[in-house]
Amino acid sequence: MIMATVSFPLPGFHHRPSDFSFPQSLNPRRPFPVQLKPLQRHSFICNSWFGAKPAEPSSADINSATTTVKVDAAVSPDSTVFVIRARNKIGLLQVITGVFKLLGLHIDKATVEFEGDFFINKFYITDSHGQKIDDQENLDRITKALVKAIDSGGGWGTQTSVGPSTRGIVVRRAGLRSKPKAERMFALMDRFLSNDPVSLQKDILDHVEYTVARSRFSFDDFEAYQALAHSVRDRLIERWHDTQQYFKTKDPKRLYFLSLEFLMGRSLSNSVINLGIRDQCADALSQLGFEYEVLAEQEGDAALGNGGLARLSACQMDSLATLDYPAWGYGLRYQYGLFRQVIIDGFQHEQPDYWLNFGNPWEIERVHVSYPVKFYGTVEEETLNGKIFKVWVPGETVEAVAYDNPIPGYRTRNTINLRLWAAKPDGQYDMESYNTGDYINAVVNRQRAETISSVLYPDDRSYQGKELRLKQHYFFVSASLQDIIRRFKDDHKNFEDFPEKVALQLNDTHPSLAVVEVMRVLVDEEHLGWDQAWNIVCKIFSFTTHTVLPEALEKIPVDLLGSLLPRHLQIIYDINFNFMEELKKRIGLDFSRLSQMSIVDEGAVKSIRMANLSIVCSHTVNGVSRMHLELLKTRVFKNFYELWPHKFQYKTNGVTQRRWIVVSNPSLCGLISKWLGTEAWISDMDLLIGLREFAADVDLHQEWKMVKKVNKMRLAEYIEAMSGVKVSLDAMFDVQIKRIHEYKRQLLNILSIIHRYDCIKNMEKTHRRKVVPRVCIIGGKAAPGYEVAKKIIKLCHAVAEKINNDAEVGDLLKLGYYEHKSYENPWKMHIDAMKIFVPDYNVSVAELVIPGADLSQHISTAGHEASGTGSMKFLMNGCLLLATADGSTVEIIEEIRAENMFLFGAKVHEVPALREERKDRKAPHQFARVVRMVRDGYFGFKDYFKSLCDSIEGDGDFYLLGSDFASYLEAQGAADKAFVDQEKWTQMSILSTAGSGRFSSDRTIEDYAETTWGIEPCKCPSE
């Protein structure tokens, strides 16, 4: 047998404090020289490791199936020697030295001997004072840590899976099988990629040539972006591996965040900021003849969500990484996303969003991570050890393939993972079709499978659409839970430990089937008793709802669920039966309450209430603002709150300042840091309150206004490029950008613009001298099946067409005015009104619009917005808010005070009475006039807009546009008046930013971690 020894000196490293008081010692990422020397057969290792048992083993010696750790105190008088024998694997040395590093030990020297499939590692170790370690308890702890790290694989160089028969994860164990390979691997010992401009340039050019396959002497901006993205991703992967290895070693309780949507925005800008290499990248590119800003614009938005829920999920992932929490995100990798909004003649048209056409350099396809997901079929029984178990025999199986997206934290080594699933056809069935010549059926099966992850929120007005949505929900849940349970079983054998290691967060009701799936796996596959499985389920799930109206809660028809997921329907019936029996003991035979609280809705269409299922099975139910919690307690889930008041909490949503200030508004970021004298606010938003003492400072005012002007210039350039319209930077940029919905009341905004236009048409020329310019910007998508929302978009364009082409008004439109009669003083309000619609609104557009906005409208009917994170983004950027007291706005008022906002409209407690009175209440004159203009065809399309007008007049005005119209006009007038006094406006803007600290997603995540998930930070040590 050929044996050899590798000897090398090991330099010191920075250590992380641990249970031992030992010092910093070794950096395993640093390179070191390698020497090979022969090892003779009479080596001291022979006897004990070739079957013979040592005569008198130390109590610190530990043996496992593949690993032996032995302590030898006699070899050296100055240090304790740990002799480790383990099977070859890539990164083994790093795993071992990493253990010593975490324990704060110092490695004086080391040798690595190997024979065949085994390494024999000999380490000379001292404590923090350079002394030999003699304490037996410490020796035992060190040896146990070494064995655990080595036998668990440490996550280094190994991938786990089962074979094709069970289609799990494929195990590929790579080892150093020969002396030359070992020598070479050690010579190339792990080294972190350098972040200096020269190293980045080399990496970029390497990727141009070897990844993008272009000549390094001829490549364009997009190819340069791709190479830069891969270079940055390489650095993310390093940190991702280290983080996952550290989590595996520490084995903390992990959070698994289940969300059907994630709107991450562009990854490049966020990644380089969080990695701290933005300037280095810019320098490297500049020397290559490229501009960083130009390349950043080459990246498209990942089409993985729609609206506030998706952007909230993205913010929470950023905060989880930054705060060092052990977490994974799970979602779907949509091939086309929601849709690409195209406006033709003012009408919204939906087109596929081919966001993956040119690839996604940020994702890592895990072809070896694949799980079967079952649909349809029958449920049979089988007997095992005298007990009867249910067996689901599927009628269709598809494969879920994983795509990983590293999520870096800010100023931390931690990089967590967002794992997205793509649907593929079952390989075995696909091959059978080809082998039998049934090529058409094979293609059809592939298309049917891939449709599951093709689009977000397929139109569910048809049975086929409802079925596809349900398939999508279960596909996402099943694949995620198989992955989570597999990871748990890698290191744990007893499912009683599951709640101590796993927290599952349901982001709304889309992943609610996870509750039933866990029960099915535990009972049917792991063969736990029902009560034991139920006890586990009730400890691991927490549920956050974003709903404010009971009628908006998700329901699944029983017939559909029984056909697609027959075993799950049985389990739901069992859960509901047990719940109803328990409920009868608590409230008696109150059939009205029993019916309302039942998971099964026995209505005209028998359905499953997914929110009720989530509440029954979760240990915590979270609202997303204080007002939202009150609505849950008094309106949406009143009966459940009375039954389980301890379950109900609220965590006011937040947004990440890294994305919405640092990335999107770098000028403001620098200004804040200058005046606060620190960048620490980027991680601790409470520090922003320090701006209050400078709110009246003249110098800050000048700099603040300059920053706003720069951002308005960026937005004006975008508007001109998009529409050909030039806008004045002196105008007030008035913005309402959000999903188009009746309750968000874009229609109220449009009607107020019509009112302004009408006033301009009837104004006197003498009033044109005093002008408050205003550019109105509206953006958002309407759901494909939401006809009212689509009509609102068309009306928006019809009004814009009329205003911008009015021959009588002409240029006077930019010099008009509007006088609010309600003001007691004779001060005149003058308006230059221009209306812009932003098509295909997304995160990247928001990063332009939000920093450039002067005024932002959040005007939902009170009691209809659960939280509203859009207002928080504008608030952070110093934009003033025109809003109703709805959702999180109530808490914003507490932070910045009402005098720094423009508030209007009915309060939540007033809305029910106003709805009762609306049939007999006469609409204000101004409101009736503008609606009449639309109804009479003043803006064209008279018949098309008739139903829209009917919906807001008389008994049809459910969202109270008429009731709030006069108050809304007053708030608009107050905004105009404040804008004239630029010093006052600027002070209000500074105070808005100063009061935004409470609305960071960091605070939200810390609250969840402490009071809901029960997880703690697990910070990966720095290099």
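Structure: see above.
Notes on the structure in this doc start here.

What counts as what
Residues numbered from 1 in each chain as written. Predicted model: local features only at pLDDT ≥ 70, side-chain atom pairs only at ≥ 80, totals over all residues. Heavy atoms only, no water. Helix = DSSP H or I, 4+ residues; strand = E, 2+ residues; numbered from the N terminus. Expected span 1.5 Å × (residues − 1). Buried < 20%, exposed > 50% of the residue type's maximum accessible area, 1.4 Å probe, protein only. Arc of directions from axis to C-beta. Core = buried A, V, L, I, M, F, W, Y, C linked by side-chain atoms within 4.5 Å. Contact = heavy atoms within 4.5 Å. 1 Å grid on protein atoms, 1.4 Å probe; cavity = no way out; pocket = protein on both sides within 12 Å on 5 of 7 lines; lining within 4 Å. Points joined across faces, edges and corners; volume = space filled by probe spheres on them. Phe/Tyr/Trp six-rings, centres within 6.5 Å; stacked < 30°, edge-to-face > 60°. Lys NZ or Arg CZ within 6 Å of the ring centre and 35° of its normal. Lys, Arg positive; Asp, Glu negative; His and termini not counted. Salt bridge = Lys/Arg side-chain N within 4 Å of Asp/Glu carboxyl O. Polar contact = N/O pair within 3.5 Å; in protein donor to acceptor, adjacent residues only side chain to side chain. Pairing = 2+ DSSP bridges. Axes fitted to C-alpha atoms, helices over the stretch in contact; angles between N-to-C directions.

As for helix α3 (residues 136-151)
Residues spaced three or four apart along an α-helix face the same direction, because each turn holds 3.6 residues.
Inference 1: If you check α3, its first and last C-alpha atoms are 22 Å apart, about what 16 residues at 1.5 Å a residue would give, namely 22 Å.
Inference 2: For α3, every residue scored as buried is listed here: Asn138, Leu139, Ile142, Thr143, Leu146, Val147, Ala149 and Ile150. Seen from one end, α3 has its buried residues packed into an arc of 165°, which puts them on one side. Exposed positions of α3 whose direction lies more than 90 degrees from the buried face are Glu137 and Lys144.

Quick word on the nonpolar core
Inference 1: Counting 122 residues, the largest nonpolar core has Phe375, Trp421, Phe475 and Leu504 as the members making the most contacts within it.
Inference 2: Here this core takes 10 residues from helix α13 (residues 463-491), the largest share from any one element.
Inference 3: When sequence neighbours within four positions are dropped, the list of residues in contact with Phe375 reads Trp392, Pro394, Gly395, Glu396, Val398, Ile452, Lys471, Tyr474, Phe475, Leu564 and Leu565.
Inference 4: If you look at the next biggest cluster of nonpolar residues, it comprises 57 residues, including Leu715, Ala716, Met876 and Ile893.

Some details on the environment of Lys539
Inference 1: Tracing the chain through its elements places Lys539 in helix α16 (residues 530-540).
Inference 2: Residue Lys539 is classed as partly exposed on the basis of its relative accessible area of 44%.
Inference 3: Through-space distance from the C-alpha of Lys539 to that of Pro499 is 5.9 Å; in sequence the pair is 40 residues apart.
Inference 4: Excluding its chain neighbours within four sequence positions, the residues that come into contact with Lys539 are Pro499 and His619.

A few points about empty space enclosed by the protein
Inference 1: In total, this model carries 5 cavities of 30 Å³ or more according to the counting rule given.
Inference 2: Taken together, 13 residues line the second largest cavity, and the ones lying closest to its centre are Asp251, Arg254, Arg487, Phe488 and His492.
Inference 3: The set of elements that each furnish at least two residues to the lining of the second largest cavity consists of α6 (221-250), β10 (254-258) and α13.
Inference 4: With 4 residues, the top contributor of residues to the lining of the second largest cavity is α13.

What about helix α8 (residues 278-287)?
Inference 1: Burial in α8 covers these residues: Cys281, Ala282, Ala284 and Leu285. An end-on view of α8 places all buried positions within 165° of arc, on one side of the element. Away from the buried face of α8 by more than 90 degrees, exposed residues Asp279 and Gln287 are located.
Inference 2: Looking at the buried positions of α8, the neighbouring elements they touch are α5 (197-210), α6, α7 (267-275) and α9 (292-296).
Inference 3: Just downstream of α8 lies Gly289, where phi reads positive at about 90°.

Here's the deal with the packing of aromatic side chains
Inference 1: Under the definition given, this model contains 34 aromatic pairs.
Inference 2: Seen in terms of ring centroids, Tyr1008 and Trp1013 are 4.8 Å apart; in terms of plane orientation they differ by 10°. Their pairing is stacked.
Inference 3: Of the aromatic side chains, those joined through ring pairs into one cluster are Tyr256, Trp328, Tyr330, Tyr371 and Trp421.
Inference 4: Positioned above the aromatic ring of Tyr944 is the side chain of Lys791, whose terminal nitrogen or guanidinium carbon lies 5.1 Å from the ring centre.

Topic: the side chain of Glu467
Inference 1: Tracing the backbone through its elements, the reader meets Glu467 in helix α13.
Inference 2: No salt bridge is formed by the buried Glu467; the nearest opposite charge belongs to Lys471, separated by 5.5 Å.
Inference 3: A polar contact is formed between the side chain of Glu467 and the side chain of Tyr376, at a distance of 2.9 Å.
Inference 4: Among all residues touching Glu467, those that are not within four sequence positions of it are Tyr376, Leu560 and Leu564.

Some words on the sheet that holds strand β19 (residues 502-507)
Inference 1: Reading across from one edge, β14-β17-β18-β11-β10-β19-β20-β24-β25 is the order of the 9 strands in this open sheet, with mixed pairing throughout. Here the strands that pair on one side only, and so sit at the sheet edges, are β14 (364-375) and β25 (648-650). Here the strands of the sheet are splayed against their neighbours by 25° on average, with no regard to which way each runs.
Inference 2: Relative to strand β17 (residues 396-408), β14 is paired through 9 bridges, and the arrangement is antiparallel. Looking across to β17, one finds that Arg366 is bridged to Ala402.
Inference 3: This element, α6, spans β10, β11 (327-332), β14, β17 and β18 (415-425) of the sheet and lies at about 100° to β18.

A word on unusual backbone geometry
Backbone geometry follows two general trends: most residues other than glycine have a negative phi, and most peptide bonds adopt the trans configuration.
Inference 1: For Asp251, which is not a glycine, the phi torsion comes out positive at approximately 55°.
Inference 2: Tracing the sequence through the fold places Asp251 in the loop between α6 and β10.
Inference 3: Asp251 gets classed as buried once you look at its relative accessible area, which sits at 15%.
Inference 4: Despite not being glycine, Phe941 shows a phi value in the positive range, around 55°.
Inference 5: With respect to the helices and strands, the residue Phe941 is situated in the loop between α32 (925-935) and α33 (942-950).
Inference 6: Overall, Phe941 belongs to the partly exposed group, its relative accessible area being 39%.

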